[in-house]
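A closer look at the structure
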Amino acid sequence: MSDIGDWFRSIPAITRYWFAATVAVPLVGKLGLISPAYFFLWPEAFLYRFQACYLPWVILGFNYIIGGSVINELIGNLVGHLYFFLMFRYPMDLGGRNFLSTPQFLYRWLPSRRGGVSGFGVPPASMRRAADQNGGGGGRHNWGQGFRLGDQ
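Okay, so let's go over this structure. (Residues numbered from 1 in each chain as written. Predicted model: local features only at pLDDT ≥ 70, side-chain atom pairs only at ≥ 80, totals over all residues. Heavy atoms only, no water.)

1. Looking at the side chain of Asn-77
With respect to the secondary-structure elements, Asn-77 resides in helix α6 (residues 70-93). When its relative accessible area of 10% is taken as the criterion, Asn-77 is described as buried. If we ignore the near neighbours within four places in the chain, the residues touching Asn-77 are Pro-56, Trp-57 and Leu-60. (Helix = DSSP H or I, 4+ residues; strand = E, 2+ residues; numbered from the N terminus. Buried < 20%, exposed > 50% of the residue type's maximum accessible area, 1.4 Å probe, protein only. Contact = heavy atoms within 4.5 Å.)

2. What to know about the packing of aromatic side chains
Considering all chains together, one arrives at seven aromatic pairs under this definition. Taking the centre distance of 5.7 Å and the plane angle of 90 degrees together, the rings of Trp-7 and Phe-19 count as edge-to-face. Highlighted residues: Trp-7 in helix α1 (residues 2-10) and Phe-19 in helix α2 (residues 13-30), separated in sequence by 12 residues. Relative accessible area serves as the criterion here: at 45%, Trp-7 is assigned to the partly exposed category. When the ring of Phe-84 is compared with that of Phe-88, the centres are 5.6 Å apart and the planes differ by 40 degrees; the resulting orientation is tilted. Taken together, the residues Phe-84 and Phe-88, both in helix α6 and four residues apart, mark about one turn of the helix. Judged by relative accessible area, Phe-88 falls into the partly exposed class, the value being 25%. Three or more aromatic residues joined by ring pairs make a cluster, and in this case those are Trp-7, Phe-8 and Phe-19. (Phe/Tyr/Trp six-rings, centres within 6.5 Å; stacked < 30°, edge-to-face > 60°.)

3. Let's talk about the pattern of salt bridges
Taken as a whole, this structure holds two salt bridges when the rule is applied. Among the salt bridges present, the one from Arg-9 reaches Asp-6, with a minimum N-O distance of 3.2 Å. On the criterion of helical spacing, the pair formed by Arg-9 and Asp-6 is a turn pair, its members being three residues apart in helix α1. The class for Arg-9 is exposed, based on a relative accessible area of 56%. Of the residues examined, Asp-6 reaches a relative accessible area of 44% and is grouped as partly exposed. (Salt bridge = Lys/Arg side-chain N within 4 Å of Asp/Glu carboxyl O.)

4. Let's talk about α2
An α-helical segment advances 3.6 residues per turn. Residues three or four places apart therefore align on the same side. Helix length check: α2, at 18 residues, gives a terminal C-alpha distance of 26 Å against a target of 26 Å (1.5 Å per residue), a fit within 8%. Positioned one or two residues after α2, Gly-32 has a phi angle of 80 degrees, which is positive. (Expected span 1.5 Å × (residues − 1).)

Take a look at the structure:
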């Protein structure tokens, strides 16, 4: 028995703790002391841990932890933010000119309307006509009278 103890103590510290955890964690889950679901998913951390706007930076951090190229992630974040600013923020919010536009060959290959489905950011024609009849959608909406739950 001392041979196993000597062998375990001879393992480097990080490897020793890693090995002990790989034995202890499944054992604790199998014995029912802690629900195995908590070993795989900590719901509060994954559902509420960060907001969607921080996702590129969280991915950058994970990539840094696993030893990936942080430069590629930074360049990707920079290009994504530059695209968003030049395509949406600058022309729409700041009243600047539109620097980027979708190439025409993409409209020929992938038309923005096919079988009643509109392209990105464009409401279907039936919805546009209904909005025009209701005053263009610039004022209050007519939501209707509604129904109480349980009424027939």
